[in-house]
Amino acid sequence: MEGFSLKFLFYTLAVIFFIHFSGLSHTEASNKGGFSADLISRDSPLSPFYNPSETQFDRLQKAFHRSISRADHFRANGVSTNSIQSPVISNNGEYLMNISLGTPPVSMHGIADTGSDLLWRQCKPCDSCYEQIEPIFDPAKSKTYQILSCEGKSCSNLGGQGGCSDDNTCIYSYSYGDGSHTSGDLAVDTLTIGSTTGRPVSVPKVVFGCGHNNGGTFELHGSGLVGLGGGPLSMISQLRPLIGGRFSYCLVPLGNDPSVSSKMHFGSRGIVSGPGAVSTPLASRQPDTFYYLTLESMSVGSKKLAYKGFSKVGSPLADADEGNIIIDSGTTLTLLPQDFYGTLESNVASAIGGKPVRDPNNVFSLCYSNLSGSRIPTITAHFVGADVELKPLNTFVQVQEGLFCFAMIPVSDLAIFGNLAQMNFLVGYDLKSRTVSFKPTDCTKID
């Protein structure tokens, strides 16, 4: 079955950002039109999260459950400017980012999260820190470190997650849905990207949280969080003078060669255009951290199904047509409203024919034994102005030997277009023109 080898699943379900940028300085990146990054799968042997004792299917099941848990704490109705509850789970992002802070630069592997804004890392002195493999950042040893006061705009951008100490230092405090937490000083320092290879990209005075009190379920290999959302404190927003608000990524089915990595592009290299490219507007909703799209319908073959809203009373998107789904590269599965999912699933089952079988792990409701790719119908997501035609590798996943399941699941109050649905597309974000673009691409051939 095309696109469904175990090795494909092993290398493409959960991608982690180990970012090794082209050798460009800040100035060179601006003049030459952008820079690029390699992306390495979370479950690849090249990843520090790799566990050789796990099977491919063990890793798959963990990725599925991370999707479900992430959605539980990604809800828009759990976030407000007066809340100190972060909308994500501390350890459930599907990406890591290798960056450095300080002068001289001190490396960190942070969880890269498109559903969060603030960049933070563990810092000395530690009132309480979780154990990590990498050295804990000591701001006293950085020549470019500077604490921010309470009067600054960056401090006000924290909203209810910010505060003021007795000495007028701006402080932040985040708690996560799984009970993890981080708090400390809001500061600026030099951000260095790709410091381990070539000439790095260095950006001065990047705002970040210097965490002195951190705990919960963070893992040894992670030493903080890198916010890639749309809010003013995210790394993407702070890099805007350098990248113009433009970035893109292409998630690769790596197949037999783990050295063939996915790519991420910034600046003019992040523009997605040309034959086959389609664009849809980014909707303006709160919180502005998330990337909201508007899904009008989905087609199964030639049959178009109108996208329906949420059935849950009081859901923040229940009566809204615009911005009714979030695009998130950190969620593996695609999550759809219960009522609409039921209609979609019945049409997919009708198109495939045959008798479905039960998922022994009770994650998916539509599964088949030994399903061939030729039986899977083309499913098209009709966003405003953009028809995104999904291939079998985007819509079905092999969850164990001989068992293939529909890679979309129902939820009660939040829709997410996940990373399985985005694989083998060049996906571009333009925060200046407020669009997201899709272009069918063989991502193994992207430079």
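Quick caveat: nothing in here was measured; it's all calculated off a predicted structure.

Draft legend 1. Representation of the overall build of the protein within the structure. When helices and strands are tallied, the protein shows eight helices and 28 strands. Looking at the 447 residues of the protein, the share that counts as buried comes to 57%. Once local pairs closer than 6 in sequence are excluded, the contacts in the protein between residues at least 24 apart make up 71%. Here the protein displays about 16800 Å² of accessible surface, and carbon together with sulfur accounts for 49% of that area.

Draft legend 2. A look at the state of the cysteines. Tallying each qualifying case throughout the model produces six disulfides. The disulfide bridge from Cys 123 ends at Cys 210, spanning 2.1 Å between sulfur atoms. Measuring handedness by torsion sign, the sulfur bridge of Cys 123 and Cys 210 sits at about -115 degrees and is left-handed. Residue Cys 123 is found in the loop between β5 (120-122) and β6 (146-147), and its partner Cys 210 is found in strand β10 (residues 201-215); the two are separated by 87 residues along the sequence. Among the residues examined, Cys 123 registers a relative accessible area of 0% and is labelled buried.

Draft legend 3. Highlighting the sheet that holds strand β16 (residues 295-300). Taken in spatial order, the four strands of this open sheet run β17-β16-β21-β22, and their pairing is antiparallel. The open sheet has two edge strands, β17 (303-306) and β22 (386-390), and neither has a second partner. For this sheet the average axis-to-axis angle between neighbouring strands, irrespective of direction, equals 25 degrees. Pairing of strand β21 (residues 379-383) with β22, which is carried by five bridges, proceeds in the antiparallel orientation. When the sheet's bridge partners are listed, His 382 is paired in β22 with Asp 387.

Draft legend 4. Layout of unusual backbone geometry. Of the consecutive residues Lys 124 and Pro 125, the connecting peptide bond is found in the cis state with omega at -5 degrees. Among the secondary structure elements, Pro 125 is positioned in the loop between β5 and β6. Looking along the chain, the bond that leaves Gln 286 and enters Pro 287 is cis, with omega of 0 degrees. Mapped onto the elements, Pro 287 comes out in the loop between β14 (278-281) and β15 (292-293). For Asn 168, which is not glycine, the phi torsion reads 70 degrees and is therefore positive. If you trace the backbone, Asn 168 turns up in the loop between β7 (162-164) and β8 (170-175). Positive phi is not limited to glycine here, since Asn 370 has a value of about 50 degrees. You can see Asn 370 is positioned in the loop between β20 (367-369) and β21. What makes Asn 370 exposed here is its relative accessible area of 60%.

Draft legend 5. Quick peek at the environment of Gly 323. Along the chain, the position of Gly 323 falls in the loop between β17 and β18 (325-327). A relative accessible area of 0% means that Gly 323 is categorised as buried. Residues Gly 323 and Tyr 292, 31 residues apart in the sequence, show an inter-C-alpha distance of 4.8 Å.

Draft legend 6. Region of the structure containing helix α7 (residues 338-352). The end-to-end C-alpha distance of α7, which contains 15 residues, comes to 21 Å, matching closely the 21 Å that a straight helix rising 1.5 Å per residue would cover. In the segment just after α7, Gly 353 is the residue with positive phi, at about 75 degrees.

Draft legend 7. Examining the pattern of salt bridges more closely. Scanning all chains against the criterion turns up two salt bridges. One salt bridge in this structure joins Lys 445 and Asp 442, with 3.9 Å as the shortest N-O distance.

Draft legend 8. Representation of the sheet that holds strand β23 (residues 396-400). The three strands are arranged β20-β24-β23 in an open sheet whose pairing can be described as antiparallel. Each having just a single partner strand, β20 and β23 make up the two edges of the open sheet. The sheet shows a mean angle of 35 degrees between the axes of neighbouring strands, taken without regard to direction.

Draft legend 9. Geometry of the packing of aromatic side chains. Enumeration over the complete set of coordinates arrives at 17 aromatic pairs. Here Phe 137 and Phe 208 contribute two aromatic rings whose centre-to-centre distance is 6.2 Å and whose plane-to-plane angle is 80 degrees, an arrangement assigned as edge-to-face. Of this pair, Phe 137 sits in the loop between β5 and β6 while Phe 208 sits in strand β10; the two residues are 71 residues apart in sequence, bridging distant segments of the chain. A centroid spacing of 5.0 Å and a plane angle of 70 degrees characterise the contact between Tyr 307 and Phe 340, whose relative ring orientation is edge-to-face. Of this pair, Tyr 307 sits in the loop between β17 and β18 while Phe 340 sits in helix α7, and the two are 33 residues apart along the sequence. As far as burial versus exposure is concerned, Tyr 307 and Phe 340 are alike and both buried. A cation sits over an aromatic face here: Arg 285 above Tyr 292, 6.0 Å from the ring centre.

The rules behind these values
Residues numbered from 1 in each chain as written. Predicted model: local features only at pLDDT ≥ 70, side-chain atom pairs only at ≥ 80, totals over all residues. Heavy atoms only, no water. Helix = DSSP H or I, 4+ residues; strand = E, 2+ residues; numbered from the N terminus. Buried < 20%, exposed > 50% of the residue type's maximum accessible area, 1.4 Å probe, protein only. Contact = heavy atoms within 4.5 Å. Areas by Shrake-Rupley, 256 points an atom, 1.4 Å probe, with all protein chains shown as cover. Disulfide = S-S within 2.5 Å. Pairing = 2+ DSSP bridges. Axes fitted to C-alpha atoms, helices over the stretch in contact; angles between N-to-C directions. Expected span 1.5 Å × (residues − 1). Salt bridge = Lys/Arg side-chain N within 4 Å of Asp/Glu carboxyl O. Phe/Tyr/Trp six-rings, centres within 6.5 Å; stacked < 30°, edge-to-face > 60°. Lys NZ or Arg CZ within 6 Å of the ring centre and 35° of its normal.

Purely spatial values, then, with no claim about function.
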